[in-house]
Structure formats: structure tokens, C-alpha cells
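Remarks on the overall topology
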Amino acid sequence: MLRANDDFAPRAGTRVAVLSLAGLALLTIAVLIGTMIGPAGPQWWRVPIELVDRLPLITVDSGVSQEQWNIVWQIRMPRVVLAVLVGAMLSVAGASYQGVFRNPLVDPYLLGFVLQRNNDVVRQVYSWILGRLSSATWGDVRLILPYVVFSCGVLLMHRRLLDVLRVGDDEATALGMNIRRVRLTVVLAATLGTAAAVAVSGLIGFVGIIVPHTVRLIVGSSYRRVLPMSILCGAIFLVLADIPSRVLADPAETPIGVVTAFFGAPFFLLLLRVRKNHA
């Protein structure tokens, strides 16, 4: 029996490594696609050629002017990078909350609605509620990057402890875990990262529910695998979700929260139904 377990561990590790490499490849492709598509700027197929031209010791004529490159670098790229950071943070925060509270329906934040008589204020409030990446700048990226890195680091350090919490409070205490300290640390780290993401992107719903549950279907329920894969998959999901938000209502933009809700609402209802059937 011990030998079977020993044989299984390398296979599981190899599978996770393959999935991680596949996730990194998909993230690279998603970032490239997000950089190529936009209502203004160069033709989409010229962007990867220009990126190659920007590499050291390589010269390729992409036909992209400096003005067009400014659109790619100053408008599209910070938007894509911000989507990576926000998607990763919301996903790992959702997975962490679900683990620490042992509730698969927990989302990184709760929505509150504000009513104002001023129409401009109303538009700003609902723009924030529905989420937006259209105004992303490199300043936004620099603003939230340290918070996201710190929060993700703390949560990843606690992924094994979240696995211990799955067995129950009494059993975890018997194993020597300080449950209160673990819960407080995880909640504070997840909340810090979520607050930073919300500050620059508004409320983008369902990311923290869709991604962690999808990841569990692929890699299993162990948080040693769920948390790092949620970071990767959350980044991929939000980068790709931002693309239809740019092009569906061209030249206007569809709020990215509408796009994530399009996928997330049916998923959430299905999850509720499954839990009701298992209750």
C-alpha cells in the first residue's frame, strides 16, 4: 500500500507540472491575443511582428508606426496586465475564502448598491459596480502590483494549512494548528489583495466562484494545487473576458462585469442546484 502511494505521488506531481506549463502557455497566448485586439491601433497581425522587432538583435519590418505602437503599449498593454493581476487576485482570494470558511459559495466581496440623484454620480457608481478595465494605465499596474504579490505569496504559504482545515476544526486543533490565527491571516491577506484589485477595476463579479470550482474539476480539491492554478486560470479568464467587452458594442464598451456575469450566473445557479441536491 505504501508503495502504491509512493508511485502515485510522482504521477500526481508530473500531472500538476504539465498542467502548470499548459497554463503558462495559455496565459501567454491570452496576453498576446489581448494585446492584438482593439478598436484602434495597428492591424492585429502586425502586433506580434512588432513585438518580435522589439527584441534585441532582431529587426523585422512590421509596418507599425510610432503612434500605433503607443496605442498598443500605453492603452492595450496596461489593460491586459491589469486584467492578469486582477483576475489572478480575485480567483485566489475566492479559493482561499472558500477554503477557510469551508463554503464553496463564498465570493471575494459582497455588492452594495448606492442611489444618488446626480446622474453623473449614478453612472460612475454603476460603472464601478459593473467593473472596468478601459481606463487602465501603467500607474494602476504599479499601484496594485505589490499588494497582489504580497497577498498571493501569503495565501500560497498557507495552502497546506487550508488542506488541514478541510478535515474539521477539532481535527485541525488536534494536529496542533492555531485555527484562529490561520483564518485571520488568510482573510486579511485575501481582503488586502481584493481591496487593491477593486480599487482600480471596480467590482468584477463571479471570477472568484467560476475559476476555483473549474480548477477543482481539473486538479482535484487539494489547496496545494487549487491556489496556484487559480492564479493562472484567473488571469487567463479575465484577459479573455475583456476581449468581448471591447468589441461587442464597438465603438462603445460592454462592462467587463456583464461578460463575467454571462458566464458566471448560470454557473452559480448550477452550483446552487448541486448543493441543494446534496443537502
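Check the entry above for the structure.
Report follows, based on the coordinates. Every chain's residues receive numbers from 1 upward, in the order its sequence appears when written. Note on the predicted model: pLDDT of at least 70 is required for a residue's local features to be given, and 80 or more for side-chain atom pairs to be given and counted; whole-chain, interface and lining totals, by contrast, use all residues. Side-chain numbers come from the whole structure's heavy atoms, not from hydrogens or water.

Helix and strand definitions here come from DSSP, where helices need a minimum of 4 consecutive H or I residues and strands a minimum of 2 consecutive E residues; each element is numbered from the N-terminal end. Across its full length, the chain carries 11 helices and zero strands. Moving toward the C terminus, one meets the helices and strands of the chain in the order α-α-α-α-α-α-α-α-α-α-α. Here the term buried applies to any residue with accessible area under 20% of the maximum for its type, exposed to any over 50%, and partly exposed to those in between, with areas from a 1.4 Å probe on protein chains only. For the chain, with 279 residues in total, the buried portion stands at 41%. The contact rule is simple, with two residues in contact once any of their heavy atoms fall within 4.5 Å. Pairs at least 24 residues apart make up 76% of the contacts formed inside the chain by residues separated by at least 6 positions. For the chain, the exposed area adds up to about 15300 Å²; of that, 65% sits on carbon and sulfur atoms. The method behind every accessible area is Shrake-Rupley, applied with a 1.4 Å probe, and residues are considered shielded solely by the protein chains displayed.

Looking now at unusual backbone geometry. Although it is not a glycine, L57 sits at a positive phi angle of roughly 65°. With respect to the helices, strands and loops of the structure, L57 is situated in the loop between α2 (46-53) and α3 (66-101). Residue class for L57 comes out exposed when judged on its relative accessible area of 91%. Of note, the phi angle at F206 is positive, near 75°, even though the residue is not glycine. As for its position among the elements, F206 is in the loop between α8 (179-201) and α9 (207-219).

Here the focus is the packing of helix α5 (residues 138-157) against helix α10 (residues 223-247). Each axis is a line fitted through C-alpha atoms, taken for helices only over the stretch in contact, and angles between the N-to-C directions span 0 to 180 degrees. Contact geometry of α5 with α10 gives a least axis separation of 9 Å together with a crossing angle of 155°. Of the possible angle classes, the one that applies to α5 and α10 is roughly antiparallel. The interaxial crossing formed by α5 with α10 has left-handed handedness. Of the residues in α10, those touching α5 at C152, L155 and L156 are L227, P228 and I231. Amino acids are sorted into nonpolar (Ala, Val, Leu, Ile, Met, Phe, Trp, Tyr, Cys and Pro), charged (Asp, Glu, Lys and Arg) and polar (every other residue, Gly among them). Its residues placed into classes, the contact of α5 with α10 shows six nonpolar, no polar and no charged. Every angle not falling under 35 degrees, over 145, or within 65 to 115 is termed oblique; those three ranges are roughly parallel, roughly antiparallel and roughly perpendicular. For any pair of crossing helices, the crossing counts as left-handed if the nearer helix is rotated counterclockwise from the farther one by less than a right angle, and right-handed if it is rotated clockwise.

Packing of α5 against α8 leaves a shortest axis separation of 9 Å and a crossing angle of 160°. By the angle between their axes, α5 is roughly antiparallel relative to α8. In the packing of α5 onto α8, the handedness of the crossing is left-handed. Across the interface between the two elements, D140, L143, I144, Y147, F150, S151, V154 and L155 from α5 touch T185, V186, A189, A190, L192, G193, A196 and V200 from α8. Grouping the constituent residues of the contact of α5 with α8 by class yields 12 nonpolar, three polar and one charged.

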